[in-house]
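# Summary of structural features
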Amino acid sequence: MRAEALKGHLDAMLLAVVSAGPRHGYAIIEELRTGSRGTFDLPKGTVYPALHRLEQAGLLTGTWSTGPGRRRRTYQLTAAGRRRLGTERATWQQFSTAVSAVLEAKPWPAT
Amino acid sequence: MAGDLIADYLVRLGTGLQISPAAAHVLAEIEDGLRCAAEDHVRRGTAPDRAAELAVAEFGDPEALAAEFVPLLGAAEAHRDGVALLATGPVIGVLWLTSAVLAWPAAPVPVGAGIVAVGLVLVTTVPRISYGVAATGRLGRRLRATPASAIGAVAAAARTAVALDVALVLLALPGLVLIGRSPLPTTLAAVAALLSLARLVTAARATRRLNRFRALLT
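Residues numbered from 1 in each chain as written. Chains lettered and ligands numbered in written order. Predicted model: local features only at pLDDT ≥ 70, side-chain atom pairs only at ≥ 80, totals over all residues.

## Brief notes about the overall build of chain B
Check the secondary structure of chain B and you find 8 helices and 0 strands. The order of helices and strands in chain B, counted from the N terminus, is α-α-α-α-α-α-α-α. Its C-alpha atoms give chain B a radius of gyration of 24 Å, clearly above 17 Å, the size a compact globule of 218 residues would have. Of all 218 residues assigned to chain B, the portion counted as buried reaches 39%. Residue pairs in contact within chain B that sit at least 24 positions apart in sequence constitute 76% of those at least 6 positions apart. (Helix = DSSP H or I, 4+ residues; strand = E, 2+ residues; numbered from the N terminus. Rg over C-alpha atoms; globule rule 2.2 N^0.38 Å. Buried ≥ 20, exposed ≤ 12 C-beta atoms within 10 Å, placed from the backbone. Contact = placed C-beta atoms within 7 Å.)

Take a look at the structure:
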């Protein structure tokens, strides 16, 4: 799936992935790919600016550590991020239920 | 060869990010991601050279990635600069104001006029810089400000701070030294002038960097 199709949903999905526990950028990307069964196989570079944007918005917090012989940045959900994720989940449930109801409705009988 | 491809990618990305002092952090993070991706391919049986090729391809165009980072790095820098201006402003202002009030009886008209002029500058600058700090921080989404406008607001405030500090140091300090009857206003004015000079230098640098960010974004 192309990145444009995810516009507006990427942030919520990143928050959902990080809600399971602290993750570094590549682990988040891989979890997004495997969690969507390969549907969201985005250009990996696009995820990093999104993580920085979420950090600037105070929804994630990033910390540096030393990985396998190199520096590694790990992201964690903040309290504001957890609240935002809750809101995003509720909004998505409402939206997807409404869209499903319309798309899957049986045609009205002709009058 | 594998290392070269990743190093080349980072050089191209770094060229697009050289405007920011924080570029090294972004490069370190992307390097970790690239090496993770290459190692992942090697674990699945891909030769190291091919693994590096695949990793670089998966990360996309480095110039496009740099372009995505520029507004974020610019906003982060504007936020830091704006907070620094907001934090130092009251300290420097109180020092100047106290020395001016102490010197008031000696020259009420010029000192009073100076206080009113500085007050007018602050009334226009403080809201602008507060907006810039808010728009480049956590309230950015709610304010729906473009990075260029938010960075521009902080850059304009930094320019004003430079002009104000130059005016205070050039005009107020000699005046206060001349009219000061006791050493207290003179000492306070000297300390204020030193702090103003330090802020002048940092604000001038911030203005230059933020204007470069703004030029890239508009």
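## Observations regarding the sheet that holds strand 2 (residues 60–66) of chain A
All names here are of chain A. Sheet architecture is open: 3 strands sit in the order 1-3-2, paired in antiparallel fashion. Both edges of this open sheet fall to strand 1 (23–24) and strand 2, since each of them pairs with a single strand only. When strand 1 meets strand 3 (residues 71–77), the two strands line up antiparallel, connected through 2 bridges. Bridged to arginine 23 within strand 3 is tyrosine 75. (Pairing = 2+ DSSP bridges.)

## Notes on the interface of chain B and chain A
Between chain B and chain A, the residue contacts involve 21 residues of the former and 19 residues of the latter. Looking at the side of chain B that touches chain A, the elements with two or more residues in it are helix 2 (23–43), helix 3 (48–59), helix 4 (62–103) and helix 6 (140–143) of chain B. Considering every element that reaches the side of chain B that touches chain A, the biggest residue donor is helix 2 of chain B, with 9 residues. Looking at the side of chain B that touches chain A, its residues break down into 10 nonpolar, 3 polar and 8 charged. (Nonpolar A, V, L, I, M, F, W, Y, C, P; charged D, E, K, R; others polar.)

## Structural notes on the pairing of strand 3 of chain A
Pairing analysis gives 7 bridges linking strand 2 of chain A to strand 3 of chain A, with the strands arranged antiparallel. Across the sheet, residue threonine 66 of chain A finds its bridge partner in strand 3 of chain A, namely arginine 71 of chain A.

## Quick notes on the environment of leucine 42 of chain A
Assignment of secondary structure puts leucine 42 of chain A in the loop between helix 2 (25–35) and helix 3 (44–56). Placed 43 residues apart in sequence, leucine 42 of chain A and leucine 85 of chain A show a C-alpha to C-alpha distance of 21 Å.

## Considering helix 3 of chain A
Taken residue by residue, helix 3 of chain A has Lys44, Gly45, Val47, Tyr48, Ala50, Leu51, His52, Arg53 and Leu54 of chain A as its buried positions. Of the residues flanking the end of helix 3 of chain A, it is glycine 58 of chain A, one or two places downstream, whose phi is positive at about 80°.

## A word on the domain arrangement of chain B
All names here are of chain B. Along its sequence, chain B is carved into domain 1 (2–60) and domain 2 (71–217). A straight line from the C-alpha centre of domain 1 to that of domain 2 covers 42 Å. With 4 residues of domain 1 at the interface, the matching set in domain 2 holds 6 residues. For the side of domain 1 that touches domain 2, the per-class residue count stands at 3 nonpolar, 1 polar and no charged. (Domains from an automatic or database assignment.)

## Quick look at the packing of helix 1 (residues 10–19) of chain A against helix 4 (residues 79–103) of chain A
All names here are of chain A. Packing of helix 1 against helix 4 leaves a shortest axis separation of 10 Å and a crossing angle of 125°. Classified by the angle between their axes, helix 1 and helix 4 sit oblique to one another. Considering how the two elements wind past one another, helix 1 and helix 4 form a crossing that is left-handed. Taken together, the residues of helix 4 that come into contact with helix 1 (itself represented by Ala12, Leu15, Ala16 and Ser19) are Gly81, Arg82, Arg84, Leu85, Glu88 and Trp92. Of the residues assigned to the contact of helix 1 with helix 4, the class counts are 5 nonpolar, 2 polar and 3 charged. (Axes fitted to C-alpha atoms, helices over the stretch in contact; angles between N-to-C directions. Parallel < 35°, antiparallel > 145°, perpendicular 65-115°, else oblique. Left-handed = near helix turned anticlockwise from the far one by under 90°.)

## Thoughts on unusual backbone geometry
The residue arginine 37 of chain A is not glycine, and still its phi comes out positive at about 55°. For arginine 37 of chain A, the location among the structural elements is in the loop between helix 2 and helix 3. At arginine 144 of chain B, a position not held by glycine, the phi torsion is positive, near 55°. With respect to the helices, strands and loops of the structure, arginine 144 of chain B is situated in the loop between helix 6 and helix 7 (147–179).

## A few points about the nonpolar core
Leu14 of chain A together with Leu34, Ala55, Val154 and Ala158 of chain B are the most contacted members of the largest nonpolar core, which totals 75 residues. Ranked by the residues each element gives to this core, the list is headed by helix 7 of chain B, at 14 residues. Viewed by domain, this core spans two of them, domain 1 (2–60) and domain 2 (71–217) of chain B, each represented by three or more residues. Apart from residues lying up to four places away in sequence, alanine 158 of chain B is in contact with Asp81, Leu85, Ala203, Ala206, Thr207 and Leu210 of chain B. (Core = buried A, V, L, I, M, F, W, Y, C linked by C-beta atoms within 7 Å.)

## What to know about helix 5 (residues 108–135) of chain B
The end-to-end C-alpha distance of helix 5 of chain B is 40 Å, a good match for the 40 Å that 28 residues give at a rise of 1.5 Å each. Maximal helix bending in helix 5 of chain B amounts to about 25°, located at threonine 125 of chain B; proline proline 127 of chain B follows within four positions. (Expected span 1.5 Å × (residues − 1). Bend = angle between axes of the 7 residues up to and from the residue.)

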